[in-house]
Amino acid sequence: MSDENAKKLYIKTYGCQMNVYDSERMAEALGGQGYVATDTPDDADMILLNTCHIREKAAEKIYSELGRYKGLKAEKPDLKIGVAGCVAQAEGAEIMRRQPMVDLVVGPQSYHRLPDMEQQVAKGQKALDTDFPKEDKFDHLKSRPKAQRGPTAFLTVQEGCDKFCAFCVVPYTRGAEVSRPVDQVLSEARDLVDRGVREITLLGQNVNAYHGIGAKGETSLADLIWQLNDIDGLERIRFTTSHPNDMDDALIEAHGTCDKLMPYLHLPVQSGSDRILKAMNRKHTAEDYIRLIERIRAARPDILMSGDFIVGFPGETDQDFEDTMALVRAVNYGQAFSFKYSTRPGTPAAERAQVDPDVASDRLQRLQALLNEQQRSIQDAMVGQEVTVLFEKPGRLAGQMVGKSEYLHAVHVQAPKSMRGELVRVRITESSTNSLAGVLAQDVAA
Ligand code: 5AD
Ligand code: SF4
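1. Observations concerning the side chain of Ser-431
Among the secondary structure elements, Ser-431 is positioned in strand 20 (residues 423-431). One polar contact links Ser-431 to Gln-379, side chain to side chain, over a distance of 3.0 Å. Aside from chain neighbours lying at most four places away, what touches Ser-431 is Arg-376, Gln-379, Asp-380, Val-383 and Leu-436.

This is the structure in C-alpha cells:
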C-alpha cells in the first residue's frame, strides 16, 4: 500500500519507557493492518492513547484528553479512538461507558490482539480486551521487515511485579512478574543490532528480578547481560528499573567486570525512614540500601546512582522525612525522580490517614533542592574529564551532534552527522542545567 492510501495512526504515549517500547510494538502491529504513523491527531484515522496509571489522577487526565478529541470525531465519524496501557487495564469497560466515542480499550497484556481488535473496530464494533491471557504477547508482536533503527533501543525482558509496595498500582495493572525466555531476548537483541542499534536498555518493572528460561534453566539478569555482552556490534547495555532486594552478587560484580554494562544504576529507595519503608512494604531498611550501594561502588567506583522518592506517604513525620534527607546525603545521587505521595484506589496505603498536602509540598521542595544540588555538582565535576559518547542525533545548533555519555548525561558536541551511531571520546568543557557540552578528544589532541 502506498503511503497516500495508508490510514494514519497517532499514538500519544504517557509514562515510562516500557510504554515507549509498547507504543513502538503497537505501531508495528497496526502497520500490518495498513496504518502508518503520524505525529498529529488532526489527520489521524486512529488515535491511540497509551496511558500510565502510576501517579496523580491518571484516569481523570485521560478522560479530559479524550474530551479534546470530541470535535475531531464529530468532523470525522470514521476516526477510531483507542485507549491502551495501565489506565485501560484499571478502568476497562468503564472508559467506554464514560466516553462512548471510545472504540477500543486494550490492556498491556493484550497488544498482540490489536490486529483482530482493529478489524472489529473497522466494522463499527467496539473492542475491549483487558484480560491477562495465557499466550505470550511477545510471540505475536514480531517486528515487520527490517527497518533501520536509531543507535539506541529499549528491549522489554520482564513485565509485572510481585512486590506489592503499599502505594503502587503496578502489581494490579501489569499483573504478576513474568520474564521472557532468554532465546527470545537474544534474538530480538541481535535483530536490533542488525538494524543499527548500538545500545540496548533492558526494561522491566522489576528488571533485576529477571529469571527467564535459558539453555541452562533459569537465567538471572547478570547471566543474561553476559550473554548479550557476546553479541558483536552491541556496544552498550543498560537496564531499568531495579528493586534493591533483587541486586544479587553476580549483578553487582558484573558492574565491575562487564565492559558493555554502563556505569549507571537506577535503584529506587522511596524513603530513608525504616518506619516508612516498613509501612510501604519495601522489605529492606535504609541501612540495607546504603550498604548495598557501598558494595556496588566497591565493584564500580564511578557508577552514577539514580533513585525514586516519595514524600508525604501516609504516616510520614518530620523525623521520617529528615531520615530521607540523611539517606540522600549519604548516597549522593547523580539523578533522581521525586514525587508527592498520591493515593491509588485499591492499594493498601489509599485507606490510611493522609499527610497534610502543604506539609508534603514543603518536603518535596526541600528534597528536590538537595537532589538538584547533588545532580548538578556531579555533572559539574565532569568538566575537564573525557567520556565516551554514543552520538544519537543532530543537536539544536548547526553542526552539532548529541548523545549520551556512559553515565547517561546528554552531551552536545560539534561533530559531523556521519558520526551518528559511533562511540566517540569527548572532552567535557561545559556543564549546564540538564546537559553537558564537549569537544571531540581527537580535536584536542591534534
Ligand atoms: N504516589 C506517588 N508516587 C508513586 N510512585 C509510584 N506510585 C506512587 C504513588 N502512589 C513513584 C515511585 C516509583 C515511581 C515509578 O513512581 O517512586 O518508583
Ligand atoms: Fe510498584 Fe516497583 Fe513496588 Fe513493584 S517494586 S510494587 S513496580 S514500586
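Still more ground to cover, so stick around.
2. Some details on the packing of aromatic side chains
Given two aromatic rings, one states the distance between the centres and the angle between the planes to describe the pair. With the rule as written, the count across this model stands at 4 aromatic pairs. On the numbers, 6.3 Å between centres and 85° between planes, the contact of Phe-167 with Phe-313 is edge-to-face. Residue Phe-167 is located in the loop between strand 8 (158-159) and helix 8 (170-173), and its partner Phe-313 is located in the loop between strand 15 (304-311) and helix 14 (318-331); the two are separated by 146 residues in the primary sequence. Taken as a pair, Phe-167 and Phe-313 share a single burial class, namely buried. Taking the centre distance of 5.4 Å and the plane angle of 75° together, the rings of Phe-313 and Tyr-341 count as edge-to-face. With Phe-313 in the loop between strand 15 and helix 14 and Tyr-341 in the loop between strand 16 (335-340) and helix 15 (357-380), this pair connects stretches of sequence that are 28 residues apart. Accessibility classification places Phe-313 together with Tyr-341 in one group, the buried group.

3. Considerations on the environment of Ala-147
In this fold, Ala-147 is placed in the loop between helix 7 (137-140) and strand 7 (152-156). On the accessibility criterion, Ala-147 (39% relative accessible area) is partly exposed. Sequence separation of Ala-147 and Gly-196 is 49 residues, and the distance between their C-alpha atoms is 9.4 Å.

4. What about the nonpolar core?
Ranked by internal contacts, the top residues of the largest apolar core, which has 54 residues, are Leu-202 and Tyr-333. Beyond its immediate sequence surroundings of up to four residues, Tyr-333 is in contact with Val-269, Tyr-289, Met-305, Ser-306, Gly-307, Phe-309, Leu-327, Val-328, Leu-371, Gln-374, Gln-375 and Ile-378. By size, the runner-up hydrophobic cluster in this structure holds 21 residues, among which are Ala-58, Tyr-63, Tyr-69 and Val-83.

5. Re helix 14
Compared with an ideal rise of 1.5 Å per residue, which puts 14 residues at 20 Å, helix 14 spans 20 Å between its outermost C-alpha atoms and is within 8% of the ideal. Considered for burial, the residues of helix 14 that qualify are Asp-320, Phe-321, Thr-324, Met-325, Leu-327, Val-328 and Val-331. Seen from one end, helix 14 has its buried residues packed into an arc of 160°, which puts them on one side. The outward face of helix 14, more than 90 degrees from its buried face, is lined by the exposed residues Asp-318 and Gln-319. Residues of helix 14 that are buried make contact with helix 12 (274-279), helix 13 (286-299), strand 15 and helix 15. Positive phi appears at Asn-332, one or two residues downstream of helix 14, with a value of about 70°.

6. Some thoughts on the pairing of strand 18 (residues 400-404)
Burial within strand 18 is extensive, with 4 of its 5 residues counted as buried. Of the pairings in the sheet, the one linking strand 17 (residues 386-394) to strand 18 comprises 4 bridges and is antiparallel in character. Looking at strand 18, one finds that Phe-391 is bridged to Gly-403. Linkage of strand 17 to strand 18, two consecutive antiparallel strands, is achieved through a turn of 5 residues, within which Gly-399 is found at a positive phi near 75°. As paired elements, strand 18 and strand 19 (residues 410-414) share 5 bridges and run antiparallel to each other. For Lys-404, the partnering residue across the bridge sits in strand 19 and is Ala-410. Hairpin connection of strand 18 to strand 19: 5 residues between the antiparallel strands, including Leu-408 at a positive phi of 70°.

Criteria and thresholds
Residues numbered from 1 in each chain as written. Chains lettered and ligands numbered in written order. Predicted model: local features only at pLDDT ≥ 70, side-chain atom pairs only at ≥ 80, totals over all residues. Heavy atoms only, no water. Helix = DSSP H or I, 4+ residues; strand = E, 2+ residues; numbered from the N terminus. Polar contact = N/O pair within 3.5 Å; in protein donor to acceptor, adjacent residues only side chain to side chain. Contact = heavy atoms within 4.5 Å. Phe/Tyr/Trp six-rings, centres within 6.5 Å; stacked < 30°, edge-to-face > 60°. Buried < 20%, exposed > 50% of the residue type's maximum accessible area, 1.4 Å probe, protein only. Core = buried A, V, L, I, M, F, W, Y, C linked by side-chain atoms within 4.5 Å. Expected span 1.5 Å × (residues − 1). Arc of directions from axis to C-beta. Pairing = 2+ DSSP bridges.

Geometric values such as these leave the question of function open.
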